[in-house]
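# Descriptive structure summary
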2 protein chains.
Amino acid sequence: MLLAAAQEFNAHGFHNTTLDEIAKRLNVTKPTVYYYVTNKDEILTETFRAGCGALAEAADEVDRSGLVGLDKLAEFMRRYAELMTTDFVKNVALLEDTCLGPEMRGEIREIKSAIDRRFRTFVEEGIREGAIAECDPKMAAFTIAGALNGIARWYQPDGPLSPCEIAETTVNTLVAGLRAR
Amino acid sequence: MLLAAAQEFNAHGFHNTTLDEIAKRLNVTKPTVYYYVTNKDEILTETFRAGCGALAEAADEVDRSGLVGLDKLAEFMRRYAELMTTDFVKNVALLEDTCLGPEMRGEIREIKSAIDRRFRTFVEEGIREGAIAECDPKMAAFTIAGALNGIARWYQPDGPLSPCEIAETTVNTLVAGLRAR
């Protein structure tokens with residue numbers, strides 16, 4: 001349901017999409033949709049939560065992997081980049097939160113910031129371990145997230161490069177830019 | 001007028017913004033707005049054109065500057081990054097084109113692609129001149145554009161770093177990642 005919602009919102013805009021259309025798209029009745037969510041704002045919020053949840057889970061796995069230094073950051077970047085090519089996370093990355101009220105918008109911003117902080121923490125660890133050149137970890141995190149989120153904007157499944165190749169190429173450039181010299 | 005339109009579209013969404021509101025915001029009458037554009041789609045298209053025009057102009061200036069190799073690409077990145085912190089280009093970068101019909105949307109995509117091709121061309125030149133490491137110029141251009149467009153998403157005029165510092169820090173990371181070793 002969240003994938004269908006994200007796709008409809010991106011295709012026609014949040015305001016032009018009704019719960020009816022999302023239900024029709026899923027071949028279910030409107031009451032079935034209402035069983036899960038009370039309104040459209042809630043679907044949008046849940047969609048953000050699930051998409052960012054997948055990214056946070058990747059960060060958790062990398063945290064438990066035993067990798068250190070730049071390898072740890074690179075592994076998270078690779079997983080993040082590949083997730084950006086999946087139908088669901090790609091659509092979540094393209095969603096706008098300007099349609100939400102201030103409270104829900106605040107919640108979404110917090111969820112997104114939490115992902116940025118994972119990048120920042122991994123960069124800080126890499127600097128302490130001497131693997132990453134001295135830099136502003138916040139700015140480095142923004143640069144990484146910007147480059148990786150961009151994949152959602154241009155990725156086409158029928159393009160010449162596989163998700164794995166896209167991840168590898170993008171991550172290699174960023175890693176070379178961060179490496180201690 | 002284009003700045004006011006971009007700000008209104010980003011604040012309330014394209015569909016929730018009327019030409020009346022844009023006129024009111026500018027303290028002019030609706031006929032005054034109609035003197036310049038025939039409808040809302042046209043304002044949106046003109047706004048994209050002007051924003052991307054500013055980026056293209058920066059690329060033209062860098063092209064005429066006599067700079068070569070990585071310095072040329074870095075200079076364009078710096079100017080592009082600084083433009084992303086200006087009220088107008090920041091707002092243009094945040095605009096969605098999903099609200100437009102297929103024809104105008106196609107035109108906008110072409111305008112955006114032209115900017116991506118400038119990055120690609122500068123990368124290709126840098127590779128030929130031996131200043132940039134062998135890489136896929138298209139992927140490098142996407143990585144650069146993603147990182148720099150991201151600035152529009154997080155930049156706050158009251159933040160701790162100046163536009164110049166933001167540009168310098170972001171460009172340094174990207175340049176280090178692209179440099180021939």
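Residues numbered from 1 in each chain as written. Chains lettered and ligands numbered in written order. Predicted model: local features only at pLDDT ≥ 70, side-chain atom pairs only at ≥ 80, totals over all residues. Heavy atoms only, no water.

## A word on a positive patch on the surface
The grouping of A:Arg179, A:Arg181, B:Arg179 and B:Arg181 at the surface amounts to a positive patch. For B:Arg181, a relative accessible area of 72% puts it in the exposed group. (Patch = residues over 30% accessible without salt bridge, like charges linked within 9 Å, V, L, I, M, F, W, Y side chains within 5 Å. Areas by Shrake-Rupley, 256 points an atom, 1.4 Å probe, with all protein chains shown as cover. Salt bridge = Lys/Arg side-chain N within 4 Å of Asp/Glu carboxyl O. Lys, Arg positive; Asp, Glu negative; His and termini not counted. Charge placed at Lys NZ, Arg CZ, Asp CG, Glu CD. Buried < 20%, exposed > 50% of the residue type's maximum accessible area, 1.4 Å probe, protein only.)

## Comments concerning the relation of the copies chain A and chain B
Under the fitted operation, chain A is carried onto chain B by 0.0 Å of movement along the axis and a turn of 180°, and the coordinates agree to an RMSD of 0.0 Å. Considering both components of the superposition, the chain copies are consistent with a two-fold axis. Using C-alpha coordinates, one finds that chain A approaches the rotation axis most closely at A:Gly177, a distance of 1.7 Å. With an isologous cut-off of 70% or more, the 100% of interface residues of chain A that recur at the interface of chain B puts this contact in the isologous class. (Least-squares fit on C-alpha atoms with pLDDT ≥ 70 in both. Contact = heavy atoms within 4.5 Å.)

## A word on the packing of aromatic side chains
This structure, assessed with the given rule, holds 14 aromatic pairs over all chains. Ring geometry for A:Phe76 against A:Phe122: centres 5.5 Å apart, planes inclined by 80°, an arrangement best described as edge-to-face. Taken together, the residues span a long stretch of sequence, with A:Phe76 in helix H5 (residues 69-83) and A:Phe122 in helix H7 (residues 102-128) at a distance of 46 residues. Neither residue differs from the other here; A:Phe76 and A:Phe122 are each classed as buried. On the basis of an interplanar angle of 5° and a centroid distance of 4.1 Å, the ring pair of A:Phe142 and B:Trp154 is categorised as stacked. On the criterion of chain membership, the pair formed by A:Phe142 in helix H8 (residues 137-154) and B:Trp154 in helix H8 (residues 137-154) is interchain, its members lying in two chains. One aromatic cluster in this structure is built from A:Phe76, A:Tyr80, A:Phe119 and A:Phe122. Positioned above the aromatic ring of A:Phe14, the side-chain terminus of A:Lys40 is 4.5 Å from the ring centre. (Phe/Tyr/Trp six-rings, centres within 6.5 Å; stacked < 30°, edge-to-face > 60°. Helix = DSSP H or I, 4+ residues; strand = E, 2+ residues; numbered from the N terminus. Lys NZ or Arg CZ within 6 Å of the ring centre and 35° of its normal.)

## Focus: the interface of chain A and chain B
Contacts between the two partners involve 25 residues from chain A and, on the opposite side, 25 residues from chain B. Across the interface of chain A and chain B, roughly 2,200 Å² is buried in total on both sides, 65% from carbon and sulfur atoms. For the interface between chain A and chain B, the tally reads two salt bridges. Residues B:Arg153 and A:Glu96 are paired through a salt bridge, measuring 4.0 Å at the closest nitrogen-oxygen approach. Every element with two or more residues in the side of chain A that touches chain B is listed here: helix H1 (2-12), H8 and helix H9 (163-178) of chain A. Among the elements that line the side of chain A that touches chain B, the one with the most residues is H9(A), at eight residues. Partitioning the side of chain A that touches chain B into residue classes produces 10 nonpolar, 10 polar and five charged. (Buried area = accessible area lost by both parts, 1.4 Å probe. Nonpolar A, V, L, I, M, F, W, Y, C, P; charged D, E, K, R; others polar.)

## Describing unusual backbone geometry
Most of the time, phi is negative for any residue but glycine, and the peptide bond is trans. Residues and elements named next belong to chain A. Even without being glycine, Asn 27 reaches a positive phi, approximately 60°. Mapped onto the fold, Asn 27 is located in the loop between helix H2 (19-25) and helix H3 (30-36). For Asn 27, a relative accessible area of 73% translates into the label exposed.

## Re H1(A)
All names here are of chain A. Residues of H1 that are buried: Ala 4, Ala 5, Ala 6, Gln 7, Glu 8, Phe 9 and Asn 10. Taken together, the buried residues of H1 touch H2, helix H4 (40-64) and helix H6 (87-94). Directly beyond the C-terminal end of H1, a positive phi value near 90° is found at Gly 13.

## Some thoughts on the nonpolar core
Counting 97 residues, the largest nonpolar core has A:Leu73, A:Met77, A:Phe119, B:Leu73, B:Met77 and B:Phe119 as its most contacted members. Other than its neighbours up to four places away in sequence, B:Leu73 contacts B:Phe119, B:Phe122, B:Val123, B:Ile132, B:Ile144 and B:Leu178. Grouped together as the second largest cluster of nonpolar side chains are 16 residues, A:Ala5, A:Phe9, A:Val92 and A:Leu100 included. (Core = buried A, V, L, I, M, F, W, Y, C linked by side-chain atoms within 4.5 Å.)

## Focus on the side chain of A:Lys40
Residues and elements named next belong to chain A. Among the structural elements, Lys 40 can be located in helix H4. Although buried, Lys 40 forms no salt bridge, and the nearest oppositely charged side chain, Asp 41, lies 6.8 Å from it. Among the polar contacts made by the side chain of Lys 40, one reaches the main-chain carbonyl oxygen of Phe 14 at a distance of 2.7 Å. With residues up to four places along the chain from it excluded, the contact list for Lys 40 reads Phe 9, Phe 14, His 15, Thr 17, Thr 18 and Leu 19. (Polar contact = N/O pair within 3.5 Å; in protein donor to acceptor, adjacent residues only side chain to side chain.)

## A closer look at the environment of A:Ala81
Residues and elements named next belong to chain A. Among the structural elements, Ala 81 can be located in helix H5. Taking the C-alpha atoms as reference, Ala 81 lies 17 Å from Arg 117; in sequence the two are 36 residues apart. Apart from residues lying up to four places away in sequence, Ala 81 is in contact with Leu 148, Ile 151 and Ala 167.

## Quick notes on the packing of helix H5 (residues 69-84) of chain B against helix H9 (residues 163-178) of chain B
To describe two helices that pack against each other, one gives the angle between their axes and the distance between the axes. Residues and elements named next belong to chain B. Where H5 contacts H9, the axes come no closer than 9 Å and their chain directions differ by 145°. The interaxial crossing formed by H5 with H9 has right-handed handedness. Between H5 and H9, the contacting residues are Leu 70, Leu 73, Ala 74, Met 77, Arg 78, Ala 81 and Glu 82 on the first element and Pro 163, Cys 164, Ala 167, Glu 168, Val 171, Leu 174, Val 175 and Leu 178 on the second. Counted by class, the contact of H5 with H9 contains 12 nonpolar, no polar and three charged residues. (Axes fitted to C-alpha atoms, helices over the stretch in contact; angles between N-to-C directions. Left-handed = near helix turned anticlockwise from the far one by under 90°.)

## A look at the packing of H5(A) against H8(A)
Residues and elements named next belong to chain A. With their axes 9 Å apart at the nearest point, H5 and H8 run at an angle of 25° to one another. Accordingly, the angle class assigned to the pair H5 and H8 is roughly parallel. Contact with H5, carried on its side by Leu 73, Met 77, Tyr 80 and Ala 81, involves Ile 144, Leu 148, Asn 149 and Ile 151 of H8 and no other residues of that element. Looking at the contact of H5 with H8, its residues break down into seven nonpolar, one polar and no charged. (Parallel < 35°, antiparallel > 145°, perpendicular 65-115°, else oblique.)

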